[in-house]
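A closer look at the structure
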Amino acid sequence: MSNTDLTARQGRAVGYDACYRVYRPRPAARLRLVCFPHAGGSASFYQRWVRHMPDWVELVIARYPDREDRLGEELPDTLELLAEQLAAALAPAIDRPTVILGHSMGAAVAYEVTRRLERRGRSLARLIVSAHPAPHRQRPNAVHRMDDEGLIADVVGLNPESAARFEDPGLRQLVLPTIRNDYRLIEMYRPPAPRPVHTPIAAVINLDDREVSADEARGWSECTRADFELHRMPGGHFYLVDDDREFVRWLVTALRADPPTWPSTP
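Keep in mind the model is a prediction, meaning the values are calculated, not measured.

Cut-offs used in this document
Residues numbered from 1 in each chain as written. Predicted model: local features only at pLDDT ≥ 70, side-chain atom pairs only at ≥ 80, totals over all residues. Heavy atoms only, no water. Helix = DSSP H or I, 4+ residues; strand = E, 2+ residues; numbered from the N terminus. Expected span 1.5 Å × (residues − 1). Buried < 20%, exposed > 50% of the residue type's maximum accessible area, 1.4 Å probe, protein only. 1 Å grid on protein atoms, 1.4 Å probe; cavity = no way out; pocket = protein on both sides within 12 Å on 5 of 7 lines; lining within 4 Å. Points joined across faces, edges and corners; volume = space filled by probe spheres on them. Nonpolar A, V, L, I, M, F, W, Y, C, P; charged D, E, K, R; others polar. Axes fitted to C-alpha atoms, helices over the stretch in contact; angles between N-to-C directions. Parallel < 35°, antiparallel > 145°, perpendicular 65-115°, else oblique. Left-handed = near helix turned anticlockwise from the far one by under 90°. Contact = heavy atoms within 4.5 Å. Bend = angle between axes of the 7 residues up to and from the residue. Salt bridge = Lys/Arg side-chain N within 4 Å of Asp/Glu carboxyl O. pLDDT = per-residue confidence, 0-100.

So, about helix α3 (residues 79-90). The end-to-end C-alpha separation of α3 is 16 Å, in line with the 16 Å expected for twelve residues at 1.5 Å each. Of all the twelve residues making up α3, eleven are buried; the element is thus mostly covered by neighbouring parts of the structure. The set of residues buried in α3 consists of Leu 79, Leu 81, Leu 82, Ala 83, Glu 84, Gln 85, Leu 86, Ala 87, Ala 88, Ala 89 and Leu 90.

Below, the structure is given as structure tokens:
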């Protein structure tokens, strides 16, 4: 799909500044970490990581349509269309070693962005996929077709901290269509077979996460022609915010490795 077609479909031009947020720019950083949020997530999900990041890492966070300061923008029809938009905006900004990280739905988005960046001739240092099965191992689900209460129950069941935003009727009415569309994107995303990238992949799973098994996560090994590693972290589906300082400490140690030698976890 051309940039012209994409712009027409989304109703507006989308560049790097529209699609990505940098809370603390670090022009001299030697590495860029680009993060993709979960279903219903926004750039602010990763904001608290900034204070734990060393000066040599610039944290860049994807901004999906119709949330925060992209509120009111047209929602994408497919996860692939979302990835096309994000890859087109990111490609010109890859001017230094770049690691991409995606959590939950964001793992699938990050993978599809990686595929599109490689087609544009951009090389990445590593793809980190967190708390999500490999695309061809994804479980069938239809939460996006549930009524509002069923959808909310699923969201809160995975992340109890999210319950507060459903207590206010106005806020609930504002965020539910976006969350439902995100669930639709990931539940309708069904690659029939692995489509390997040339980027090394590190998959991270959580010891108490009901959303992904170790076997489903190992399926990511079929999605790369380069190295693959599987890491286990303590906690549930949102382990990376339950103790954000500890997770970022592990992540920074991993990013520092050159050549990459990713640390094991208990």
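Another aspect to go through is empty space enclosed by the protein. Taking a probe equal in size to a water molecule and rolling it over the atoms shows the remaining empty space. What the rule picks out here adds up to two cavities of 30 Å³ or more. Empty space within the largest cavity amounts to approximately 40 Å³. Taken together, Ser 42, Ala 43, Ala 62, Arg 63, Tyr 64, Arg 67, Glu 68 and Asp 69 form the lining of the largest cavity. Its residues assigned to classes, the lining of the largest cavity shows three nonpolar, one polar and four charged. In this model, the second largest cavity occupies a volume close to 30 Å³. Every residue lining the second largest cavity is listed: Arg 24, Arg 26, Val 50, Met 53 and Leu 59. In terms of residue class, the lining of the second largest cavity is built from three nonpolar, no polar and two charged.

Viewed as axis vectors pointing N to C, α3 and helix α4 (residues 105-119) meet at an angle of 55°, and their least axial separation amounts to 8 Å. What the angle tells us is that α3 and α4 run oblique. Crossing geometry of α3 relative to α4 is assigned as right-handed. Only Met 105, Ala 108, Val 109, Glu 112, Val 113, Arg 116, Leu 117 and Arg 119 of α4 make contact with α3, whose side of the interface consists of Leu 79, Glu 80, Leu 82, Ala 83, Glu 84, Leu 86, Ala 87 and Leu 90. Residues that form the contact of α3 with α4 fall into these classes: eleven nonpolar, no polar and five charged.

Between its first and last C-alpha, helix α6 (residues 169-188) extends 28 Å over 20 residues, near the 28 Å set by a 1.5 Å rise per residue. In α6, a bend of some 30° at Val 175 exceeds every other bend along the element, and Pro 177, a proline, comes one to four places later.

What follows is about the pattern of salt bridges. Taken as a whole and assessed by the stated rule, the structure comprises 20 salt bridges. A salt bridge links Arg 67 to Asp 182; the nearest nitrogen and oxygen atoms lie 2.7 Å apart. Taken together, the positions of Arg 67 in the loop between β3 (57-62) and α3 and Asp 182 in helix α6 put the pair 115 residues apart, joining distant regions of the chain. According to the relative accessible area criterion, Arg 67 is buried, its value standing at 10%. Judged by relative accessible area, Asp 182 falls into the buried class, the value being 2%. Between Arg 115 and Glu 112 there is a salt bridge, and its shortest N-O distance comes to 2.8 Å. Taken together, the positions of Arg 115 and Glu 112, both in helix α4 and three residues apart, correspond to about one turn of that helix.

Turning our attention to the packing of helix α5 (residues 148-158) against α6. Contact geometry of α5 with α6 gives a least axis separation of 11 Å together with a crossing angle of 80°. Classified by the interaxial angle, the pair formed by α5 and α6 is roughly perpendicular. Only Arg 172, Leu 176, Ile 179, Arg 180 and Tyr 183 of α6 make contact with α5, whose side of the interface consists of Asp 148, Glu 149, Leu 151, Ile 152, Asp 154, Val 155 and Leu 158.

Turning our eyes to something else, we now look at the confidence of the model for the protein. If pLDDT is low for a region, its predicted coordinates should not be looked at in detail. Across the protein, pLDDT averages 87, with 91% of residues at or above 70. Low pLDDT, under 50, characterises residues 1-13; the stretch is placed with 21 contacts to residues that sit more than four places away or in other chains.

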